[in-house]
Protein chains: 2
Amino acid sequence: MIKRRKTRTICVGKVKIGSKYPLVIQSMVKLATTDIAGCVKQINALSAAGAQLVRIAIPTRQDSIAFAKIVKKVKIPLIADIHFSPDRAIEAVEAGAVKIRLNPGNIKDKNDIYRIIDCAKAHKIAIRVGINEASIRNLLKDTQPAKRTNLMLKEMAGYIRLFEKRGFNNIVLSVKSSDVARTIESNIAVAERFPYPLHLGLTHAGLAEDAIVPASVALGTLLWRGIGDTIRISIAGDPVQEVKIAKKILTSIGLYKSREPELIVCPTCGRCQWDLIGFAQKVKKLLKEVKKPLRVAVMGCVVNGPGEAADADIAVCAAADKGFIYKKGKKIATVRQASLFVALEKEMKNL
Amino acid sequence: MIKRRKTRTICVGKVKIGSKYPLVIQSMVKLATTDIAGCVKQINALSAAGAQLVRIAIPTRQDSIAFAKIVKKVKIPLIADIHFSPDRAIEAVEAGAVKIRLNPGNIKDKNDIYRIIDCAKAHKIAIRVGINEASIRNLLKDTQPAKRTNLMLKEMAGYIRLFEKRGFNNIVLSVKSSDVARTIESNIAVAERFPYPLHLGLTHAGLAEDAIVPASVALGTLLWRGIGDTIRISIAGDPVQEVKIAKKILTSIGLYKSREPELIVCPTCGRCQWDLIGFAQKVKKLLKEVKKPLRVAVMGCVVNGPGEAADADIAVCAAADKGFIYKKGKKIATVRQASLFVALEKEMKNL
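What counts as what
Every chain is numbered independently, its residues counted from 1 as its sequence is written. Ligands are numbered from 1 and chains lettered from A, in the order in which they are written. Reporting in this predicted model follows two pLDDT cut-offs: at least 70 for local features of residues, and 80 or more for side-chain atom pairs to be given and counted; totals over whole chains, interfaces and linings ignore these cut-offs and use all residues. Side-chain figures throughout are based on the complete set of non-hydrogen atoms in the structure, without hydrogens or water. Helix and strand definitions here come from DSSP, where helices need a minimum of 4 consecutive H or I residues and strands a minimum of 2 consecutive E residues; each element is numbered from the N-terminal end. Whether two residues are in contact is decided by their heavy atoms: any pair within 4.5 Å suffices. Only the protein chains shown count as covering a residue, and every accessible area follows the Shrake-Rupley method with a 1.4 Å probe. Think of it this way: Lys and Arg go in the positive column, Asp and Glu in the negative one, and His and the chain ends go nowhere. The location of each charge is read from NZ of Lys, CZ of Arg, CG of Asp or CD of Glu. The pairing test for Phe, Tyr and Trp rings, Trp by its six-membered ring, is centres within 6.5 Å, and the orientation test on the planes gives stacked under 30 degrees, edge-to-face over 60, and tilted for anything in between. Relative accessibility under 20% of the residue-type maximum defines a buried residue, over 50% an exposed one, and the middle range a partly exposed one, all with a 1.4 Å probe and only protein chains included. Counting as a charge over the ring demands two things of the Lys NZ or Arg CZ atom: a distance within 6 Å of the ring centre and an angle within 35 degrees of the ring normal. Every case where a carboxyl oxygen of Asp or Glu lies within 4 Å of a side-chain nitrogen of Lys or Arg is listed as a salt bridge. When the copies are superposed, the least-squares fit takes in the C-alpha atoms of residues with a pLDDT of at least 70 in both. Paired strands, as defined in this entry, are two strands with at least two bridges between them according to DSSP. Axis definition: a line fitted to C-alpha atoms, over the contacting stretch in the case of helices. Angles run 0 to 180 degrees between N-to-C directions. Here the quantity called buried area is the total loss of accessible area, with a 1.4 Å probe, experienced by two parts when brought into contact, counted for both. Definition of a polar contact: a pair of N or O atoms within 3.5 Å, with one able to donate and the other able to accept a hydrogen when the atoms are protein atoms, and with sequence-neighbouring residues admitted only if both atoms are side-chain atoms. Amino acids outside the nonpolar list (Ala, Val, Leu, Ile, Met, Phe, Trp, Tyr, Cys, Pro) and the charged list (Asp, Glu, Lys, Arg) are all regarded as polar, and Gly is one of them. Where each domain starts and ends comes from a domain assignment, either automatic or drawn from a database. Disulfides are defined in this document as cysteine sulfur pairs within 2.5 Å.

Enquirer: Hey, could you run me through the overall build of chain A in this one?
Expert: For chain A, the helix and strand inventory stands at 12 helices and 15 strands. C-alpha extents for chain A along the principal axes are approximately 75 × 45 × 35 Å. Within chain A, counting contacts between residues at least 6 apart in sequence, those at least 24 apart form 63% of the total. In the structure as shown, chain A presents an accessible area of about 14100 Å², 51% of it carried by carbon and sulfur atoms. For chain A, the distance from the average site of its 59 positive side-chain charges to the average site of its 31 negative ones is 5 Å.

So, in structure tokens, the structure goes:
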């Protein structure tokens with residue numbers, strides 16, 4: 001199975017990030033930070049959905065003031081998202097941020113970066129040291145997209161030296177791009193070279209329907225190689241969706257123990273003699289009430305039906321007229337196909 | 001970028017499968033094969049959506065007869081999906097199938113397999129030699145799921161020997177499982193050991209909303225390693241969706257040249273002072289009319305807006321009041337935020 005790349009352990013409040021600890025799911029608040037009640041509600045929703053860290057943007061002094069109030073109203077550790085202004089970073093740390101997200105390329109004066117580092121050190125908080133391809137676009141100039149990985153790696157090396165020289169290594173790294181191939185390549189390159197945990201994400205991935213596939217491909221590929229210690233799915237939409245997709249990606253490769261049931265359904269073909277897809281949709285609705293990791297299989301025929309049933313907690317399989325129910329692979333009932341759903345519902349209640 | 005694993009080339013009618021050729025997208029008819037008009041319509045829809053091969057189930061003699069009529073009515077090469085019956089395989093080949101999908105484990109008598117092989121050889125067609133974890137469940141018995149990869153590999157080796165001994169090697173291999181980790185592991189194992197092209201799929205992945213993430217993770221991970229020559233996304237739903245998801249997966253890692261526009265959208269955060277997500281949804285609707293690979297970016301603020309604009313054919317970025325339009329990275333217009341959509345629409349028409 002997956003062997004995680006060995007990294008240092010980074011402390012982010014009560015959360016630890018690194019290869020010794022489970023993958024950490026994070027997301028971001030999408031409301032104006034000055035909307036304190038709205039932000040608190042969204043942060044709590046993200047926490048309830050399974051986020052372990054939530055990031056929030058602090059672009060202005062007003063946002064710093066609001067952030068200080070929000071920190072006190074929520075239980076989940078907060079990360080301050082900082083660009084351009086060292087003052088905002090320091091205000092956020094003093095207000096209780098457990099981590100700062102910083103793209104050092106956005107802060108011109110080295111001394112300002114040192115000021116943030118010293119403040120983070122004094123408060124024992126973490127810093128994410130990030131590069132976003134779009135943020136360093138000036139630096140990349142006319143470089144062909146496919147050739148930018150090396151430039152991004154070089155830039156990252158410079159940032160890391162800056163932090164290490166100042167005696168600070170409670171850092172998480174991120175290299176982001178809206179391009180899947182560059183996201184994979186640049187993260188592999190950074191993972192090979194530096195011992196720090198990695199924050200993975202495919203940036204600016206788009207609306208949910210556009211983002212799910214490329215985010216799953218990019219993060220799945222990296223995670224399978226053991227790369228990645230905290231992830232954030234970026235979609236233009238409800239951040240709770242981001243957390244749900246993150247959980248699905250991690251669950252699919254055994255990096256997260258979902259408490260949700262799993263529904264195996266055959267894709268159907270000419271062999272299927274009943275409305276399997278409609279049936280599966282009804283089972284899906286039933287499962288919305290279930291909060292344990294049940295494996296349920298809805299299969300169309302005998303080709304793979306009994307086989308999937310063997311690995312499922314409960315399964316059904318049917319022909320034109322008859323339907324069969326299996327529990328842990330053992331056939332426990334044969335009913336008319338038309339009565340199969342009611343029979344399954346009853347069996348599931350018994351579980 | 002991706003370096004495909006070297007494989008033999010397999011001829012499937014006019015389609016070639018193997019590392020010298022682009023990835024082949026396939027899907028499967030989900031109607032009763034005897035519904036000839038329905039099947040022809042679905043096959044044509046799959047072809048129009050981008051499938052290069054379509055598979056169809058032939059469980060009974062009536063299906064063989066219907067298949068013979070369907071073959072004559074469509075242009076796209078058809079694959080016959082055969083289980084249990086060697087007669088159905090031979091009828092399908094004689095009717096014009098360019099490939100047979102066979103899980104040899106389902107055909108008890110070796111001589112029946114030889115009969116199919118000889119017929120395929122005489123008609124110069126291909127055979128997919130498949131294993132499905134659920135199909136060989138009896139063989140796997142009480143083996144823990146995580147330990148089944150070796151058994152599946154051993155079984156596959158036996159099948160391949162059978163075909164090679166009979167002097168037939170126009171074969172494509174597949175090892176399928178509804179488990180992502182096992183799908184990845186067993187395909188890596190088969191790819192390392194045999195020179196034949198690989199058909200990738202995550203089987204029984206479920207309803208579309210459940211299947212997209214695990215299918216993208218499993219296939220993305222394998223494809224990034226250069227493994228996979230033809231793919232089929234299996235979802236319990238409209239097969240045209242299967243083709244669309246397949247295209248998205250391949251496009252995301254540069255293995256398919258999409259003619260569809262790409263919409264980059266920032267996920268928004270507290271910095272965003274306008275309804276970016278609503279705006280992006282409107283742009284998405286506009287793009288439905290566009291049939292060329294345009295890269296469009298809708299960005300919320302100056303942090304990454306200009307950077308993404310530099311890589312986009314057309315981009316917008318806005319603050320509370322003002323909106324900016326970029327063409328190939330150059331700012332070409334500054335308008336009131338409220339007029340931004342109309343201005344963008346006009347610019348897109350000029351493209």
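The rest of the description comes next.
Enquirer: Would you mind going over the packing of aromatic side chains with me for this structure?
Expert: Any two aromatic rings considered together are summarised by their centre-to-centre distance and by the angle between their planes. Residue and element names in this part refer to chain A. Under the counting rule described, the total for this entry stands at 6 aromatic pairs over all chains. With a centroid separation of 5.6 Å and 85 degrees between ring planes, the pair formed by Phe279 and Phe341 is classed as edge-to-face. Linking Phe279 in helix α10 (residues 276-287) with Phe341 in helix α12 (residues 340-350), this pair joins segments that are 62 residues apart in sequence. For Phe279, a relative accessible area of 7% puts it in the buried group. The class of Phe341 is buried, set by a relative accessible area of 13%. Each member of the aromatic cluster is reached from another via a ring pair, and the members are Trp274, Phe279 and Phe341. Cation over ring: Lys331 sits above Phe324, and NZ or CZ is 4.4 Å from the ring centre.

Enquirer: Looking at this model, I keep getting lost on the pattern of salt bridges. Mind explaining?
Expert: Note on pairing: side chains with opposite charge can pair once their charged atoms come close. With the rule as written, the count across this model stands at 44 salt bridges over all chains. Here A:Arg137 makes a salt bridge to B:Asp311, at a shortest N to O gap of 3.1 Å. With A:Arg137 in helix α5 (residues 137-140) and B:Asp311 in the loop between α11 (305-310) and β13 (314-318), the pair connects residues from two separate chains. By relative accessible area, which is 22% here, B:Asp311 ends up partly exposed. Residues B:Arg101 and B:Asp81 are paired through a salt bridge, measuring 2.7 Å at the closest nitrogen-oxygen approach. Taken as a pair, B:Arg101 in strand β6 (residues 99-102) and B:Asp81 in strand β5 (residues 78-82) lie far apart in primary sequence, 20 residues in all. Given the relative accessible area of 7%, B:Arg101 is considered buried. Overlapping salt bridges bring together A:Glu133, A:Arg137, A:Arg148, A:Asp179, A:Arg182 and B:Asp311 as one network.

Enquirer: In this structure, what is going on with the environment of A:Ile17? I would like to understand it.
Expert: Residue and element names in this part refer to chain A. Of note, Ile17 is situated in strand β2 (residues 15-17). A residue is classified by how much of its surface remains accessible, and Ile17, at 0% relative accessible area, is buried. Remark: the alpha-carbon pair of Ile17 and Val172, spanning 155 residues in sequence, is separated by 8.1 Å. Not counting residues up to four positions away in its chain, the partners in contact with Ile17 are Arg8, Thr9, Ile10, Val12, Val24, Leu53, Lys99, Val172, Pro197, Asp229 and Thr230.

Enquirer: Help me out: how do you make sense of the relation of the copies chain B and chain A in this one?
Expert: A rotation about an axis combined with a shift along that same axis relates the two copies of the chain. Screw-axis analysis of chain B against chain A gives a translation of 0.0 Å along the axis, an RMSD of 0.0 Å, and a rotation angle of 180 degrees. Such a combination of rotation and displacement between the chain copies is what one expects of a two-fold axis. No C-alpha of chain B approaches the rotation axis more nearly than that of B:Thr221, which lies at 2.2 Å. A high fraction, 100%, of the interface residues of chain B reappear at the interface in chain A, so the copies pair face to face through one surface.

Enquirer: Would you take a moment to explain the sheet that holds strand β15 (residues 330-336) of chain B for this structure?
Expert: In a beta sheet, neighbouring strands are held together by backbone hydrogen bonds and run either parallel or antiparallel to one another. All names here are of chain B. Here we have 5 strands laid out as an open sheet, ordered β11-β12-β13-β14-β15, and mixed in their pairing. In this open sheet, the two strands that pair with only one neighbour each are β11 (262-265) and β15. Pairwise comparison of adjacent strand axes, ignoring direction, gives a mean angle of 15 degrees for this sheet. Looking at chain direction, strand β12 (residues 295-299) and β13 are connected through 4 bridges and run parallel. In the sheet register, Val298 faces β13, and the bridge partner there is Val316. Strands β11, β12 and β13 of the sheet are contacted by helix α10 (residues 276-287), whose axis makes an angle of about 165 degrees with β12.

Enquirer: When you look at the interface of chain B and chain A in this model, what are you seeing that I'm missing?
Expert: Facing the 76 residues of chain B at the interface are 76 residues of chain A. Both sides together, the interface formed by chain B and chain A hides about 5900 Å², and carbon and sulfur atoms give 60% of it. Summed over the three residues of chain B that lose the most area to chain A, namely B:His204, B:Trp224 and B:Arg271, the buried surface amounts to 12% of that side. Across the contact surface, chain B and chain A share 8 salt bridges. Inspection of the chain B/chain A interface yields 26 residue pairs in polar contact (both at pLDDT 80 or more). Contributing elements (two or more residues each) for the side of chain B that touches chain A: β5, α7 (180-193), α8 (208-224), α9 (239-252), β11, α10, β12 and α11 of chain B. Ranked by residue count, the leading element in the side of chain B that touches chain A is α8(B), at 10 residues. Looking at the side of chain B that touches chain A residue by residue, the classes come out as 39 nonpolar, 20 polar and 17 charged.

Enquirer: Please clarify how the domain arrangement of chain A should be interpreted in this entry.
Expert: The parts lose accessible area when they come together, and the size of an interface is often stated as this lost area. What the domain assignment reports for chain A is domain 1 (10-252) and domain 2 (262-350). The C-alpha centroid of domain 2 of chain A is placed 42 Å from the C-alpha centroid of domain 1 of chain A.

Enquirer: Whenever I open this one, the state of the cysteines confuses me. Can you help?
Expert: Among covalent bonds in proteins, the disulfide is the one between the sulfur atoms of two cysteines. Residues and elements named next belong to chain A. Counted by the stated rule, this structure contains 0 disulfides over all chains. For Cys119, which is in no disulfide, the shortest distance to another cysteine sulfur is to Cys11 and amounts to 17 Å. A relative accessible area of 11% means that Cys119 is categorised as buried.

Enquirer: When you look at the sheet that holds strand β14 (residues 322-327) of chain A in this model, what are you seeing that I'm missing?
Expert: Residue and element names in this part refer to chain A. Read from one edge to the other, the open sheet built from 5 strands follows the order β11-β12-β13-β14-β15, with strand pairing classed as mixed. The open sheet is flanked by β11 (262-265) and β15 (330-336), the only strands paired with a single partner. Averaged over neighbouring strand pairs, the angle between their axes works out to 15 degrees when direction is ignored. Sheet analysis places β14 next to β15, joined by 6 bridges and oriented antiparallel. Its bridge partner lying in β15, Lys327 is registered against Lys330. The strands that α12 touches are β13 (314-318), β14 and β15; relative to β14, the one it contacts most, it runs at about 10 degrees.

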